[in-house]
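Survey of secondary and tertiary structure
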Amino acid sequence: MSSEKAEAGTGKPPIRDALVAAAFQLFPERGYEQTTVDDIVALAGVGRRSFFRYFPSKEDVVFPDHERCLADMTAFLADSSDDDEPVRRVCDAARLVLRMYAENPAFSVQRYRLTKQVPGLRAYELSVVWRYERALAEYLRRRFAARRDGTLQADVIAAAVVAAHNNALRCWLRSDGQGEAGAAVGHALDYVQSAFGGVPAPPVVEEPEDVVVVVSRRGAPLWRVVQEIETALGRG
């Protein structure tokens with residue numbers, strides 16, 4: 001039996017949840033930089049080894065659900081069929097991230113405020129966002145492999161999906177989680193879908209060049225040869 005299941009059997013919160021709760025109780029009180037891992041485990045009532053069993057670093061306790069969400073997104077994209085419209089599929093994948101934030105609005109708002117205050121956390125968050133974008137781009141690259149500029153299209157669309165999602169999400173977080181987050185994010189992703197979705201334009205087919213053969217008398221002056229060429233081209 002895992003330690004989390006054992007904790008659940010006693011009526012206590014799982015160790016992982018207890019560590020997150022302790023961390024976010026201490027961060028506003030003492031400040032993120034001043035709060036140590038030892039402070040967190042002491043408040044949670046567990047050992048230091050328990051912390052690192054669940055979180056590789058103090059930064060990771062601020063973003064406890066992103067690994068699970070990234071795994072869910074990757075599995076969702078891998079489960080796609082050739083019948084799925086690629087841009088719609090990556091937009092739907094982005095909605096999995098929104099669902100993670102919307103599951104606990106109070107926690108999401110608290111984390112947003114903390115991240116704004118701590119430069120190191122902002123950098124960490126950017127690395128997390130980049131991993132989401134890479135997962136979307138890799139899926140699109142596979143789907144667009146036969147397209148002209150397929151890699152370029154994949155990378156541009158993946159970046160657009162992430163930008164649209166994050167723009168709407170941050171507006172919701174700045175409002176302290178008021179209103180329906182899904183509506184704002186849905187509107188933003190629909191914009192991406194309308195801009196990039198649908199059937200790709202057919203590849204450009206270059207017209208074959210005309211070849212003109214001119215037969216001229218040996219010894220004819222150059223001006224006569226030029227005149228014959230212009231006549232053949234319809235310029236005479």
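All chains use their own residue numbering, which begins from 1 and follows the written sequence. In keeping with the model being predicted, local features are shown solely for residues with a pLDDT of at least 70 and side-chain atom pairs are shown and tallied solely at 80 or more, while totals for entire chains, interfaces and linings include all residues. Derived side-chain values reflect all non-hydrogen atoms in the structure, with water molecules and hydrogen atoms excluded from consideration.

**Some points on the side chain of Ser80**
Counting from the N terminus, the helices are the DSSP runs of H or I reaching at least four residues and the strands are the DSSP runs of E reaching at least two. The topology assignment puts Ser80 in the loop between helix 6 (66-78) and helix 7 (86-103). Side chain to side chain, Ser80 and Arg89 meet in a polar contact 2.6 Å long. Ignoring sequence-local partners within four residues, the contact set of Ser80 consists of Arg89 and Tyr139. Within 3.5 Å is the distance limit for a polar contact, defined as a pair of N or O atoms, with the added protein rule that one can donate a hydrogen and the other accept it, and that residues adjacent in sequence qualify only through two side-chain atoms. Any two residues whose heavy atoms approach within 4.5 Å are treated as being in contact.

**Notes on the environment of Gln110**
Its place among the elements puts Gln110 in helix 8 (residues 105-117). The buried label applies to any residue whose accessible area, calculated with a 1.4 Å probe on protein chains only, is under 20% of its type's maximum; exposed applies above 50%, and partly exposed to all values in between. Given a relative accessible area of 29%, Gln110 falls into the partly exposed group. Sequence separation between Gln110 and Leu173 is 63 residues, and the spatial gap between their C-alpha atoms is 9.0 Å.

**Re the nonpolar core**
In terms of nonpolar packing, the biggest core is built from 41 residues, with Met73, Tyr132, Leu136, Leu140 and Val161 touching the most fellow members. Broken down by secondary-structure element, the contributors of at least two residues to this core are helix 6, helix 7, helix 8, helix 9 (119-143), helix 10 (150-174) and helix 11 (181-196). When sequence neighbours within four positions are dropped, the list of residues in contact with Tyr132 reads His66, Cys69, Leu70, Met73, Val97 and Met100. Buried Ala, Val, Leu, Ile, Met, Phe, Trp, Tyr and Cys residues that are joined via side-chain atoms within 4.5 Å together make up what is termed a nonpolar core. Among the nonpolar cores identified, the runner-up in size contains 24 residues, and Ile15, Tyr54, Val61 and Leu121 belong to it.

**Some words on the packing of helix 7 against helix 10**
Axis definition: a line fitted to C-alpha atoms, over the contacting stretch in the case of helices. Angles run 0 to 180 degrees between N-to-C directions. Remark: helix 7 packs on helix 10, axes separated minimally by 10 Å, with the N-to-C direction vectors making an angle of 30 degrees. When the axes of helix 7 and helix 10 are compared, the pair comes out roughly parallel. Crossing hand, helix 7 versus helix 10: right-handed. Judged by residue contacts, Val87, Val90, Cys91, Ala94, Val97, Leu98, Tyr101 and Ala102 of helix 7 engage Ile157, Val161, His165, Leu169, Trp172 and Leu173 from helix 10. Of the residues assigned to the contact of helix 7 with helix 10, the class counts are 13 nonpolar, one polar and no charged. The scheme is simple: roughly parallel for angles under 35 degrees, roughly antiparallel for over 145, roughly perpendicular for 65 to 115, oblique for anything else. The handedness criterion is simple: a crossing whose near helix is rotated anticlockwise from the far helix by less than a right angle is left-handed, and one whose near helix is rotated clockwise is right-handed. Polarity classes work like this: nonpolar for Ala, Val, Leu, Ile, Met, Phe, Trp, Tyr, Cys and Pro, charged for Asp, Glu, Lys and Arg, and polar for all others, with Gly in that last group.

**Overview of the layout of surface pockets**
Definitions used throughout: a 1 Å grid over protein atoms alone; a cavity as a set of points that fits a 1.4 Å probe which cannot get out; a pocket as an open set with protein on both sides within 12 Å along at least five of seven lines; a lining residue as one with an atom within 4 Å of a point. Grid points are joined across faces, edges and corners, and a volume is the space filled by probe spheres set on the points. Approximately 360 Å³ is the volume attributed to the largest pocket. Along the wall of the largest pocket there are 24 residues; nearest its centre are Tyr101, Glu125, Val129, Asn166 and Arg170. Secondary-structure elements contributing two or more residues to the lining of the largest pocket are helix 6, helix 7, helix 8, helix 9 and helix 10.

**Here we look at helix 2 (residues 15-30)**
Think of an α-helix as 3.6 residues a turn; residues three or four steps apart then line up on the same face. Under the convention used throughout, the expected extent of a helix is 1.5 Å for every residue step, that is, one less than its residue count. The end-to-end C-alpha distance of helix 2, which contains 16 residues, comes to 22 Å, matching closely the 22 Å that a straight helix rising 1.5 Å per residue would cover. Those residues of helix 2 that sit buried are Ile15, Ala18, Leu19, Val20, Ala22, Ala23, Phe24, Leu26 and Phe27.

Taken by themselves, the reported measurements are silent on function.
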